[in-house]
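Chains, contacts and geometry: an overview
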Amino acid sequence: MKRLLYLTIALLVAAGCTARPVGEPEGWKVYGPQGPQGPAGLAGPAGPQGPQGVAGLTGPAGPQGPQGAQGLVGARGADLAWRQFGDVRFDFGKADLQPFEVNEVSEAAAYLKEHPTYRVELEGFADPRGSDAYNLKRSGRRVNAVRDALIAAGVQKERILIGADGKLNTKCAQDAEECWQQDRRVEMIILPTTDFRASSLRTGTGK
């Protein structure tokens, strides 16, 4: 009987079945062949986001870009500044231009004609000797002499302002002719019309 049982199990194993004992020593259970693999199940939900990684190294600099367009040309500095010429000096008690001072006035006239938007301020002075009234009149005559010379050189009268200050604003404090010569003068300042100091000037006294 056992031999028949063992023979049966051997045949079943050869056919691809599985036999193994269950329970009692002489009890056997026969299983059929393994079936095919079943289909994959549905994917589970996504997990939580992981922590941020470490920043990478800085990459190399890119190539230089093209040059930008050229900017606008600025205004000329010479058009924004004033210019002072040398003083026109006079002999004691005189109001006529000396020959060596004519060139100074001619240079100022030429500069004014090259800059038609400029004007000139003339300030006349005298040395401290004499009365205030005398020196004021004398400085007025001197500044008028320079004004007339500029007009004769082609400068329009309306571009000239004059002032007579007598013995004010002396340049030297010594009682000597070399010092007084510096005070007998007319100062010429040429500047743009927008900077014109008209409020500080007045008409010179007569000739």
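Let me begin by describing the structure that accompanies this report. Here the structure is a predicted model, which means the values were calculated and not measured. (Residues numbered from 1 in each chain as written. Predicted model: local features only at pLDDT ≥ 70, side-chain atom pairs only at ≥ 80, totals over all residues. Heavy atoms only, no water.)

Here's the deal with the pairing of strand β7 (residues 185-192)
Buried residues dominate β7, accounting for eight of its eight residues. Judged from the two bridges that link them, strand β3 (residues 83-84) and β7 form a sheet pairing that is antiparallel. Across the sheet, residue Arg-83 finds its bridge partner in β7, namely Ile-190. Looking at chain direction, strand β4 (residues 88-89) and β7 are connected through two bridges and run antiparallel. Its bridge partner lying in β7, Arg-89 is registered against Arg-185. (Buried < 20%, exposed > 50% of the residue type's maximum accessible area, 1.4 Å probe, protein only. Helix = DSSP H or I, 4+ residues; strand = E, 2+ residues; numbered from the N terminus. Pairing = 2+ DSSP bridges.)

Looking at helix α3 (residues 132-152)
Each α-helix turn comprises 3.6 residues. Residues three or four places apart therefore point the same way. The end-to-end C-alpha distance of α3, which contains 21 residues, comes to 30 Å, matching closely the 30 Å that a straight helix rising 1.5 Å per residue would cover. Within the span of α3, buried status applies to Asn-135, Arg-138, Ser-139, Gly-140, Arg-142, Val-143, Asn-144, Val-146, Arg-147 and Leu-150. Looking at the buried residues of α3, the elements they touch are β4, α2 (99-114), β5 (118-124), β6 (160-164) and β7. Following α3 by one or two positions, Gly-154 has its phi on the positive side, about 110 degrees. (Expected span 1.5 Å × (residues − 1). Contact = heavy atoms within 4.5 Å.)

Quick notes on the nonpolar core
Val-120, Leu-122, Val-146, Leu-150, Met-188 and Ile-190 are the most contacted members of the largest nonpolar core, which totals 20 residues. Per element, the largest residue contribution to this core is five residues, and it comes from α2. (Core = buried A, V, L, I, M, F, W, Y, C linked by side-chain atoms within 4.5 Å.)

Structural notes on α2
With 16 residues, α2 extends 24 Å from end C-alpha to end C-alpha; this agrees with the ideal 22 Å at 1.5 Å per step. Listed in full, the buried residues belonging to α2 are Glu-101, Val-105, Ala-108, Ala-109, Tyr-111 and Leu-112. All buried residues of α2 project into a common sector of 160 degrees when viewed along the axis, lining one side. In α2, those exposed residues whose orientation departs by more than 90 degrees from the buried face are Pro-99, Phe-100, Asn-103 and Glu-114. Check the buried side of α2 and you find it contacts β3, β4, β5, α3 and β7. (Arc of directions from axis to C-beta.)

Focus: the pairing of β6
With four of its five residues buried, β6 lies for the most part within the structure. Pairing between β5 and β6: five bridges, direction parallel. Across the sheet, residue Gly-124 finds its bridge partner in β6, namely Ala-164. In the classification by handedness, the crossover that spans β5, the intervening α3 and the parallel β6 is right-handed. (Right-handed = clockwise from strand over helix to strand, strands pointing away.)

Side note on the environment of Leu-122
With respect to the helices and strands, the residue Leu-122 is situated in strand β5. Judged by relative accessible area, Leu-122 falls into the buried class, the value being 0%. As a C-alpha pair, Leu-122 and Val-143 span 21 residues in sequence and 6.4 Å in three-dimensional space.

Description of the pattern of salt bridges
In total, this model carries eight salt bridges according to the counting rule given. The partner of Glu-187 in a salt bridge is Arg-185, with the nearest N and O atoms 3.1 Å apart. Counted as one network, the salt bridges with shared partners bring together Asp-127, Arg-129, Glu-177 and Arg-184. (Salt bridge = Lys/Arg side-chain N within 4 Å of Asp/Glu carboxyl O.)

Purely spatial values, then, with no claim about function.
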